[in-house]
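# Summary of the model geometry
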Amino acid sequence: MVTLTLLHPQASTPLQQWNFQSQTTIRIGRAPDNDIILNDPLVSRHHLELIATPTKSGNRWQVINQGANGTFINGVLVSRGLVPNDALIRLAREGPLLKFQMYSPLPSAPSVGSLTSTSNGCTHQRNPPGNLFCIHCGQPLVPIQRAIRHYQVLRTLGQGGMGTTYLAWDKTGKLNGRPSLLVLKEMNADMAQITKAQELFEREARTLKALSHPGIPQYYDFFVEGGKKYLAMELIHGQDLEQRILTTGPVAPPQAIEWMIQTCDILDYIHSCDPPLIHRDIKPANLMTRHRDNQIVVLDFGAVKEIGTAPGTRIGAEGYSAPEQDRGTPVTQSDLYAIGPTLIFLLTGITPLKFYRRKELGFGFDVSDAPTIVPQLRQVIERVCEPKISDRYQTAKELSQALAACR
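Structural notes, computed from the coordinates. (Residues numbered from 1 in each chain as written. Predicted model: local features only at pLDDT ≥ 70, side-chain atom pairs only at ≥ 80, totals over all residues. Heavy atoms only, no water.)

A separate point is the overall build of the protein. Tallying secondary structure elements over the protein gives 8 helices and 24 strands in all. When the 407 residues of the protein are sorted by exposure, 48% land in the buried category. Taking the contacts inside the protein whose residues are at least 6 apart along the sequence as the reference set, 49% of them involve residues at least 24 apart. Of the roughly 19700 Å² of accessible surface on the protein, 51% is carried by carbon and sulfur atoms. (Helix = DSSP H or I, 4+ residues; strand = E, 2+ residues; numbered from the N terminus. Buried < 20%, exposed > 50% of the residue type's maximum accessible area, 1.4 Å probe, protein only. Contact = heavy atoms within 4.5 Å. Areas by Shrake-Rupley, 256 points an atom, 1.4 Å probe, with all protein chains shown as cover.)

This is the structure in structure tokens:
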């Protein structure tokens, strides 16, 4: 069964819900012949289709965008891709938000003392619901989707334009001396022929291999298999800030400030490398809060760039990218610029572009009408987002100190 829930755009509370028991195609749009009709001007008449493909472990759902304003899965613009369970589907960048949930029918309970074998050979009973591994023998309780070298793919975590990320299990213990869960990133087949895409994918692997910081995922492995490139890295148990805000709403200023101070600490580390590194894609979707300690981890180093290298193509999220980065000439202060709009999103739950307006000396962020942003913090946001680089905070430490003074 599939459930789709329409969420309130700011409060993320349920507004309407649709259940589909056995349907394998779900059509969503404004037209009356859709299965889900959303009367919103940003939604196309036939905006998207969700199509189920049967597998041994159940249906695998795929989204096909047909809308003029695009479809976003967990904040990533997609034309076609897999839809993970609990995914947030947004129709157009500022359009309706749907939560996608899959439910499998519960199996009949086995008789007392009987054994139920998984596809991995485990026959133990009384494992807690939702466990990935048996508490008795340590074997996976979910079917292995496929094996890539000694990595066993358990689940698809997400899919973007560059690649697909999987939850994988290394049972050999080659990585850190014991069997472990990890993230395996696979470069999309249609990207393999694009030189720039290959460069970004390999750059992420090289960068992670050279870095060591608790706020950066640990590098494990990089290899080519079957003509595709793969990157294995540490699994971070957490939630990115974009999903956090979309599902639970804005946070209080002390929490937002603390997260951005932690982000500044990580940026200070990469900016202090020799040569300095620029992340180039700081945004809420690339900042994850780790469940065990609520600490920030910076994700996605595919766009990282060394200071002093030749100007590159424009990389960066709209609304979070500094003016010089849009021109292809980023500097370390460009990463700091992104802290400003990130704070706006964390404190308001609204896309920062809605606060980007004409000011006396050009365009900039004006949050004077945002009641959750106090004047002192407003001054920090305005300074870090100044159009001229020389008018901003010059280092991550300087910005961190300014944020600490707003607590």
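Read on, since the account is not over.
Bringing unusual backbone geometry into the picture now. With an omega of 0 degrees, the peptide bond running from Asp 274 to Pro 275 counts as cis. With respect to the secondary-structure elements, Pro 275 resides in the loop between helix H3 (253–271) and strand E19 (277–278). Despite not being glycine, Asp 86 has its phi angle at roughly 70 degrees, a positive value. Here Asp 86 lies in the loop between strand E9 (80–82) and strand E10 (87–91).

A few words on helix H7 (residues 375–384). Listed as buried for H7 are Leu 377, Val 380, Ile 381 and Val 384. In a view along the axis of H7, the buried residues occupy a sector of 95 degrees, so they form one face of it. Projecting away from the buried face of H7 at angles above 90 degrees are the exposed residues Pro 375 and Gln 379. Elements that come into contact with the buried residues of H7 comprise H3, helix H5 (332–337), helix H6 (339–348) and helix H8 (396–404). (Arc of directions from axis to C-beta.)

Glancing now at the sheet that holds strand E1 (residues 2–7). With antiparallel pairing, 6 strands are arranged side by side in an open sheet as E2-E1-E11-E10-E7-E8. Each of the sheet's edge strands pairs with one partner strand only, and the pair in question is strand E2 (14–20) and strand E8 (76–78). Mean inter-strand twist for the sheet, computed between neighbouring axes without regard to direction, equals 30 degrees. (Pairing = 2+ DSSP bridges. Axes fitted to C-alpha atoms, helices over the stretch in contact; angles between N-to-C directions.)

In this section: a nonpolar patch on the surface. Together, Leu 353, Tyr 356 and Phe 363 make up an exposed nonpolar region whose accessible area comes to about 260 Å². Here Leu 353 lies in the loop between H6 and strand E23 (356–359). (Patch = residues over 30% accessible without salt bridge, like charges linked within 9 Å, V, L, I, M, F, W, Y side chains within 5 Å. Salt bridge = Lys/Arg side-chain N within 4 Å of Asp/Glu carboxyl O.)

What follows covers the packing of aromatic side chains. This structure, assessed with the given rule, holds 6 aromatic pairs. Consider the rings of Trp 61 and Phe 100, whose centres lie 6.1 Å apart with planes at 65 degrees: the pair is edge-to-face. Residue Trp 61 is found in strand E6 (residues 58–65), and its partner Phe 100 is found in strand E11 (residues 97–102); the two are separated by 39 residues along the sequence. According to the relative accessible area criterion, Trp 61 is buried, its value standing at 3%. On the numbers, 6.4 Å between centres and 55 degrees between planes, the contact of Tyr 337 with Phe 365 is tilted. (Phe/Tyr/Trp six-rings, centres within 6.5 Å; stacked < 30°, edge-to-face > 60°.)

In this section: the pairing of strand E3 (residues 25–29). In the sheet, E3 pairs with strand E5 (residues 48–55) via 4 bridges, with the strands oriented antiparallel. If you follow Arg 27 over to E5, its bridge partner there is Glu 49. Across 2 bridges, the pairing between E3 and strand E4 (residues 36–37) is parallel. Paired with Ile 28 across the strands is Ile 36, a residue of E4.

What follows is about the sheet that holds strand E21 (residues 296–298). The pairing of strands in a sheet happens through backbone hydrogen bonds and is either parallel or antiparallel. The 3 strands are arranged E18-E20-E21 in an open sheet whose pairing can be described as antiparallel. Single-partner strands in this sheet number two, and they are strand E18 (238–240) and E21. Between one strand axis and the next, the sheet turns by 30 degrees as a mean value, whatever way the strands run. Here 3 bridges tie strand E20 (residues 287–290) to E21, and the two strands are oriented antiparallel to one another. Each bridged residue has a counterpart across the sheet, and for Thr 289 the counterpart in E21 is Ile 296. In the packing of helix H2 (residues 241–248) onto the sheet, contacts are made with E18, E20 and E21, and the angle to E18 comes to roughly 85 degrees.

Let's shift gears to the nonpolar core. Met 260, Leu 377, Leu 399 and Leu 403 are the most contacted members of the largest nonpolar core, which totals 63 residues. If you tally residues by element for this core, the top one is H3, at 9 residues. Setting aside anything within four residues of it in sequence, one finds Leu 377 in contact with Ile 257, Leu 343, Leu 347, Leu 403 and Cys 406. Of all hydrophobic cores here, the second largest spans 23 residues; its members include Leu 4, Val 43, Ala 52 and Val 63. (Core = buried A, V, L, I, M, F, W, Y, C linked by side-chain atoms within 4.5 Å.)

What follows is about H6. Buried residues dominate H6, accounting for 10 of its 10 residues. What H6 keeps buried is the set Ile 339, Gly 340, Pro 341, Thr 342, Leu 343, Ile 344, Phe 345, Leu 346, Leu 347 and Thr 348.

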